[in-house]
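Each chain, letter by letter, is given below.
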Amino acid sequence: TLHIFAIDMFFDAIDVCENEDAFDNTMSAGSIWDAAVASLTGWAEGDATVEGLLFFTVSRALCTDDTCKDGKNQINDLLVTAFKDGKSELQKNNCAEAESKIQDIEKLLQTILTDLVALFAENIAQRDNADDLAEGYGVVSAILPFVNKVDAGAASILKENMGTYKSGAFQDKLPVFSALQSYVEKSNIDCSLLTRDICGDRAEETYDDDPGNTPLDDSTPGSDSDGMPGSLAVTSPAPPSTSGGDYWGDSLCRSGVSGGLPNNIDNDEASQSLLGGAYVPTSNVDHIVKLTESVEAIAATASLSEGEEIYKRADENGVSLQCLSTGVSQAEIATTNPLYVQFMYGLWTSESGDNAADGYSSKTFDDGNIFYFGDTTVQDEFNKSSGYDPKLTAETIRVMNIWMAMTTELYRSTALCRNGYVDDASASFNPVDFAAALYFGTATDPDLVNSLDSNGSLYAWAKRAGNQFVDESVGVNDEIISKLKDLQKSFQDCRGLSDEDRERKGLTMRDSAREITNLMMVPMVQNFLDHLASQSGLIDEDSPDQRNFMVLYSLATLPYISICDEDAYDDLFEDLILELDSYDSGTFNDHMETFQGKYHCMGVRCDQVGSLAAAGDNWPQCQEDAAAVSFAGYTPTPGAAPKMSKIDLDMSSILAFIVMGANDAAYDVYNNGWYVRGGDGKPFQSIGTMSTQLQSRAKSLYEMFTENDGIDYTQVTRDAIQATGAFQYTSPLLNSAAASLAMTSIDLHLHIVAKMYLAVAQCQGIDGVNTTDSPAMSWDSAVACTVGSAEGEIEGSVLYDLAEEMCANFQSCNEDGKSQVNVKLIEEFSNGQNKLAGNQCEEAKNSAQLIESYIQAILVDTLA
């Protein structure tokens, strides 16, 4: 309160300076300025012998040997200087110069608040008492508006951990410090004024210390069979030290810009070519290539202790196999890598995740921080009751840690292009090189990678998986090599571009990164299918640890399905992970049908995966594209079947990202799309751009939304996604629900109406109407966005899904249990389609008007 009061008074002083009649001459500008200063200093004025709660006193209490010299507090000295300079400018009637001093004061006050949050995070981590929780809650509440303005992701993390005052919300000070670090960087707060080591700038002082071993949790592993899930002995990263050192504890992991791997501090010369000349890096990636050697070394170890030592061993750059997981910057990952967030969401909603209904869950998986799921899984493998298996451990590290780290580097390259960092980086730096190093590793001969022992790289892993399958339409490794080289060049080409061109280039790179990660998913799926066939007895495979390989690949693939179909995901998770020891081989075909039907959730296609060679004619035919034939009984015009039905997957992704606190990633999907490709090289289509070209009827609806009561209702979706405006301090679950309803009732609603009337206008041949698509394609797009990819079979957010859910509540289901309004919708969509085909434009317009009424009925039922 005094913080806001002081700033308000400072600006009141400026108002009086600019207009002496602002306060009826009751106070001069200088007097008002003095009152503001007094509210911050108090009578104690930061006296170290007096305990107080005003900013001056708090700042003095926080100071350390680094920030207090000769008994004087550095930040208070700066405040006093700003107080004096501001008043001096007021006395000279230099109002603008005085106002500039308020900005300096505000930055210093934010610095103190930042320090206070870190202090209470430390206190809560040490003793977790009610007083610390309450005071931490109060301080976080005071700083959240400032954090949210520049870093919504960091604000979400602070709110979840300390801004809820809910028991159990705070788990570890690491995410708090990570969020504060991100906020400090984006707000340009002077790190030297902070008493807590939020910036890690004092880490160098202890860097040469013996890193030791990260302490293990002493909990006893669960008694359930060999692997996931159960009570784990998890190596958790130690929280930040108040006396310096790195934020990731004794392992001394280090993170590069935007959450990626750090540069090689010893050598900035470009490394030699990778894979015998297939890829030529401009960066030095020697420290990353060595990670493949570590995987190979683990595969050859004879003891658990030896394997653990190699896994945790960090080099002078702060890079290790463990650091690929525990060294991630949470705030940055939640912003730059949507695939990482999607995977975490799946783990969080599983039986082994903490999916508390209040939306403020600490987001754990198997009792470990969900951001470190890779390390949690590796630790589980180390400690499984059946004993140490070095080859399984190496495979676990490869598919959980290295695979995901590569995706982070790919998406980091797009982020650094879009945000302009590319122009500040050294000319040789290229994160795509880091991704390539993780993929190719030490492999030099493409043909000598056919056995599990021969090479630890992802390239070798993908080749081994592909060798087990036939009838594949693409060579995954060849495609990845080509696309990596293209992306490498795109990052270099991003340098020196204008802001607009850089954003455009970055989005093109984002599409390329998405294509590469989809290709990377193919061998993951192939390995899953291979082990599922072995588990079911369809093929004979000489694998002594088949059960645990099945668990590993189930864990590595299934979480991506949760975005599309949580019921299917839960069933597969239970059968193939939780209850695998009682697996019924007779369910193989059912599991195959379910899994293949969700290929689009994982970004792969039947033709890319192929058929398992060892299964021969017994391999089930892939039915992945069956849903594209029709939309809930509506048959699209031949050659015009739109991909817009997958727009519901974009919605699901946005809602999941909001719940996970990844608001920036959610907003990026909203504006730039994720699942819906434009086709023919066009960029992704997005919900946020659906209403940019509206026909007359849709335009009138848009104006009704934007002009009614002077409120821009179309802003509701954006505010709910970004946690701004009316949703700044509401829970993630509430924001997610609001965004869902807003996207359906506003964005999709307007798009559906626009596409229907566009089809009618195209039919009528009206001048100036967009004729890029045919009337049939425009009409089919409206149907696809109404029905979605789930076609009402699962709980969803598009209009067709909502009608199916509502019919039971309003007794409007037909005898087959289907929504009557949906039956009428599909009938009228088909009727309109036929009218357009017969060039009966007015009749098609009548169908559009009737469909509008059905949509409004669905929305009314939903709101009721």
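Here, every reference points to the structure presented above.
Visitor: Can you tell me about the nonpolar core, naming the residues and giving the values?
Guide: Trp403, Met406, Phe440, Leu484, Leu529 and Trp779 are the most contacted members of the largest nonpolar core, which has 180 residues in total. For this core, the element with the most residues is helix α15 (residues 390–418), which contributes 14 residues. One finds Ala121, Ile124, Ile143 and Ala179 within the second-largest nonpolar core, a separate group that totals 29 residues.

Visitor: Could you give an account of a negative patch on the surface, with specific residues and numbers?
Guide: Together, Glu351, Glu566, Asp567, Asp570, Asp571, Glu574 and Glu579 line one region of the surface with negative charge. In this fold, Asp571 is placed in helix α21 (residues 566–578).

Visitor: I'd love a proper account of unusual backbone geometry, names of residues and values included.
Guide: Most of the time, phi is negative for any residue but glycine, and the peptide bond is trans. For Asn188, which is not a glycine, the phi torsion comes out positive at approximately 60 degrees. You can see Asn188 is positioned in the loop between α8 (173–187) and α9 (286–299). Assessed through its relative accessible area of 65%, Asn188 is described here as exposed. Located in the positive-phi region is Ala723, a residue other than glycine, with phi close to 60 degrees. Inspection of the secondary structure assignment puts Ala723 in the loop between α28 (715–722) and α29 (732–764). In this structure Ala723 comes out as buried when scored by relative accessible area, which is 7%.

Visitor: Any chance you could break down the pattern of salt bridges for me, citing the residues and the numbers?
Guide: Scanning the entire structure with this criterion turns up 19 salt bridges. Here Arg196 and Glu122 are joined by a salt bridge, their closest N and O atoms 3.2 Å apart. Pair noted here: Arg196 is in the loop between α8 and α9 and Glu122 is in helix α5 (residues 95–127), with a separation of 74 residues, a long-range link. Under the relative-accessibility criterion, Glu122 is labelled buried at 3%. With a closest N to O distance of 2.7 Å, Asp501 and Arg504 form a salt bridge. Of this pair, Asp501 and Arg504 both sit in helix α19 (residues 499–535), three residues apart, which is roughly one turn of that helix. Here Arg504 falls in the partly exposed class, since its relative accessible area comes to 45%. Each member of the salt-bridge network shares a partner with another, and the members are Arg418, Glu503, Arg510 and Asp668.

Visitor: Requested: an account of the state of the cysteines, with residues and values cited.
Guide: Evaluated as defined, the whole model comprises eight disulfides. The disulfide partner of Cys253 is Cys323, and the gap between their sulfur atoms is 2.0 Å. Looking along the S-S bond of the Cys253-Cys323 disulfide, the torsion reads about -80 degrees, which is the left-handed sense. Of this pair, Cys253 sits in the loop between α8 and α9 while Cys323 is found in helix α11 (residues 323–326), placing the two residues 70 residues apart along the sequence. By relative accessible area, Cys323 is classed as buried at 7%. In this model, Cys606 is linked to Cys622 through a disulfide, with the two sulfur atoms separated by 1.7 Å.

Visitor: Explain the packing of helix α16 (residues 431–440) against helix α17 (residues 458–466) to me, and be specific about the residues and the numbers.
Guide: At their nearest, the axes of α16 and α17 sit 5 Å apart, and the two run at 50 degrees to each other. When the axes of α16 and α17 are compared, the pair comes out oblique. Contacts between α16 and α17 involve Leu438, Tyr439 and Phe440 on the former and, on the latter, Leu458, Tyr459 and Ala462. Along the lines of polarity and charge, the residues of the contact of α16 with α17 split into six nonpolar, no polar and no charged.

Visitor: Go over the packing of aromatic side chains with me, naming the residues and quoting the values.
Guide: Within the structure shown, the criterion is met by 25 aromatic pairs. One aromatic cluster is present, formed by Tyr340, Phe343, Phe371, Phe373 and Tyr560 through successive ring pairs. Here the guanidinium or amino end of Lys363 rests over the ring plane of Trp348, the centre of that ring lying 4.8 Å away. Lying across the ring of Tyr675, Arg514 places its NZ or CZ 5.0 Å from the centre.

The rules we used
- Residues numbered from 1 in each chain as written.
- Predicted model: local features only at pLDDT ≥ 70, side-chain atom pairs only at ≥ 80, totals over all residues.
- Heavy atoms only, no water.
- Core = buried A, V, L, I, M, F, W, Y, C linked by side-chain atoms within 4.5 Å.
- Buried < 20%, exposed > 50% of the residue type's maximum accessible area, 1.4 Å probe, protein only.
- Helix = DSSP H or I, 4+ residues; strand = E, 2+ residues; numbered from the N terminus.
- Patch = residues over 30% accessible without salt bridge, like charges linked within 9 Å, V, L, I, M, F, W, Y side chains within 5 Å.
- Areas by Shrake-Rupley, 256 points an atom, 1.4 Å probe, with all protein chains shown as cover.
- Salt bridge = Lys/Arg side-chain N within 4 Å of Asp/Glu carboxyl O.
- Lys, Arg positive; Asp, Glu negative; His and termini not counted.
- Charge placed at Lys NZ, Arg CZ, Asp CG, Glu CD.
- Disulfide = S-S within 2.5 Å.
- Axes fitted to C-alpha atoms, helices over the stretch in contact; angles between N-to-C directions.
- Parallel < 35°, antiparallel > 145°, perpendicular 65-115°, else oblique.
- Contact = heavy atoms within 4.5 Å.
- Nonpolar A, V, L, I, M, F, W, Y, C, P; charged D, E, K, R; others polar.
- Phe/Tyr/Trp six-rings, centres within 6.5 Å; stacked < 30°, edge-to-face > 60°.
- Lys NZ or Arg CZ within 6 Å of the ring centre and 35° of its normal.

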